[in-house]
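Commentary on secondary and tertiary structure
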Amino acid sequence: MNKINVTAFISKDLDVMKTKKGFTLIELLVVISIIALLMAILMPALGKVRRMAQQTVCLSNLRSQGLAFAAYATDNDDSFTRGHQGWGPDKHPGSGWGYWLADLKPYRGDDIDSLVCPSVPRINPGYEIGQQFGVETMGWTDTSAAWPWAINDLPSQNGMLLQAIPVSYTMSVWASNPEEGSVKSTGTVNSLRRPVEFYWRKTSNVSDASNVPMFGDGRWLEGGVLSEDRDFGIGRAVLDPPETEENARLNKAKDNHYNWGMGQFCVPRHSDGTNMVFADFSARKLKLTELWGLKWYNHFDRRNKYVEDSSLFPSWIK
């Protein structure tokens, strides 16, 4: 029987160990470069997936609100909600009680998450749900902000409403049915000088409902798109889009007036589009340029200058 040379085996193993070596600096740099390249390729794709997911959740939110609007109309003789501009407890015109929020609460319940688009990453950092409504609770200085508004018909305190909740969606004032007491004899509604005849009031008055905007991504609790520019006293309804994307985020129109018209809805929240609920209570995504071709009210000019000539749109919106 051959004897095993243990010393020879150990010596051989030691020689093998001596020949082994770790990664060189060049090899490490190559590995790091490959990882960085993969990350650069994957990150945009992951970002796109995240944005698509946010858009899907946003549409789901809006469909939920559309169902609430439909249920309200069914229970109220086909009537739209009261909008938000109404007489406050002190009969002050335009004091605003968050009417559609209050009207839909029995159908929405305590769910307030569906009132904020997930693409809106923050509200005012100092804002807390339930605190007194006022200037310090505003969070609408950018598209990344939400607007807190009163959820119930509660008494005002020094002109400020109580129990505010965050809202990042905007309703078309024309898809509402203002209370009789809020309609002035001058033929306008409240202090915002809006023509009474433009209100749809009831779903039974609506034609081409799938193209009548009711509620969607926006900059304020409500907006009133008009075919022509009109001064509302505290701002102007302007058909023109914001001149720059920055102005769209800041909700500004020409001459730095706040745009209570198309500027409320022309918001670059979902890349090249926006989400909206229509008077047939369906929801879908639109390109921003499509906003000008919708039937905002019965006499809205759907063949306006932007529909006739798309070259008039500023470059950021194309």
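Keep in mind that what you see is a predicted model, and the values were worked out from it rather than measured. (Residues numbered from 1 in each chain as written. Predicted model: local features only at pLDDT ≥ 70, side-chain atom pairs only at ≥ 80, totals over all residues. Heavy atoms only, no water.)

With respect to the nonpolar core
If you look at the biggest cluster of nonpolar residues, it comprises 57 residues, and the most contacted ones within it are Trp100, Trp174, Phe215, Met276, Leu291, Trp292 and Trp296. It is helix α2 (residues 25–75) that contributes the most residues to this core, 6 residues altogether. Excluding its chain neighbours within four sequence positions, the residues that come into contact with methionine 276 are Leu62, Pro213, Phe215, Gly216, Phe265, Ser282, Ala283, Arg284, Leu286, Leu291, Leu294 and Trp296. (Core = buried A, V, L, I, M, F, W, Y, C linked by side-chain atoms within 4.5 Å. Buried < 20%, exposed > 50% of the residue type's maximum accessible area, 1.4 Å probe, protein only. Helix = DSSP H or I, 4+ residues; strand = E, 2+ residues; numbered from the N terminus. Contact = heavy atoms within 4.5 Å.)

Concerning the pattern of salt bridges
Tallied over the entire structure, the rule returns 6 salt bridges. Lysine 202 is the salt-bridge partner of aspartate 77, the closest N and O atoms lying 2.8 Å from each other. Of the two residues, aspartate 77 is situated in the loop between α2 and α3 (99–108) and lysine 202 in the loop between β5 (194–195) and β6 (213–217); the sequence distance between them amounts to 125 residues. A salt bridge links aspartate 240 to lysine 305, with the nearest nitrogen and oxygen atoms 3.2 Å apart. Residue aspartate 240 is located in the loop between β9 (236–237) and α4 (245–250), and its partner lysine 305 is located in helix α5 (residues 305–308); the two are separated by 65 residues in the primary sequence. (Salt bridge = Lys/Arg side-chain N within 4 Å of Asp/Glu carboxyl O.)

Quick word on the side chain of serine 114
Counting through the fold element by element, serine 114 comes out in the loop between α3 and β1 (147–150). In terms of polar contacts, serine 114 uses its side chain to reach the side chain of glutamine 65, at 2.8 Å. If near-sequence neighbours (up to four positions away) are discounted, serine 114 is found in contact with Asn61, Gln65, Arg108 and Tyr169. (Polar contact = N/O pair within 3.5 Å; in protein donor to acceptor, adjacent residues only side chain to side chain.)

Comments concerning the packing of aromatic side chains
Applying the stated criterion across every chain, the model contains 14 aromatic pairs. Seen in terms of ring centroids, tyrosine 169 and phenylalanine 215 are 5.7 Å apart; in terms of plane orientation they differ by 50°. Their pairing is tilted. Of the two residues, tyrosine 169 sits in strand β3 (residues 169–172) while phenylalanine 215 sits in strand β6, which places them 46 residues apart along the sequence. Grouping residues by exposure puts tyrosine 169 and phenylalanine 215 together as buried. With a centroid separation of 5.1 Å and an interplanar angle of 35°, the aromatic rings of tyrosine 306 and phenylalanine 313 are classed as tilted. The class of tyrosine 306 is buried, set by a relative accessible area of 7%. Feature note: the residues Trp174, Phe198, Tyr199, Tyr297 and Phe300 constitute an aromatic cluster, connected by ring pairs. (Phe/Tyr/Trp six-rings, centres within 6.5 Å; stacked < 30°, edge-to-face > 60°.)

Regarding the sheet that holds β3
Ordered by their spatial adjacency, 5 strands build an open sheet running β7-β3-β6-β10-β11, and the pairing between neighbours is mixed. The open sheet has two free edges, formed respectively by β7 (222–223) and β11 (283–287), since each of these has just one partner strand. Note: β3 against β7, 2 bridges, orientation parallel. Counted as the bridge partner of methionine 171 is glutamate 222 from β7. (Pairing = 2+ DSSP bridges.)

A word on the pairing of β6
Counted residue by residue, β6 has 5 buried out of 5 residues, so it is predominantly covered. Two strands pair when backbone bridges link them, and β3 and β6 are joined in this way by 3 bridges, in the antiparallel orientation. Paired with methionine 171 across the strands is phenylalanine 215, a residue of β6. Summarising the sheet, β6 and strand β10 (residues 273–278) pair through 3 bridges and their orientation is antiparallel. Across the sheet, phenylalanine 215 pairs through a bridge with valine 277, a residue of β10.

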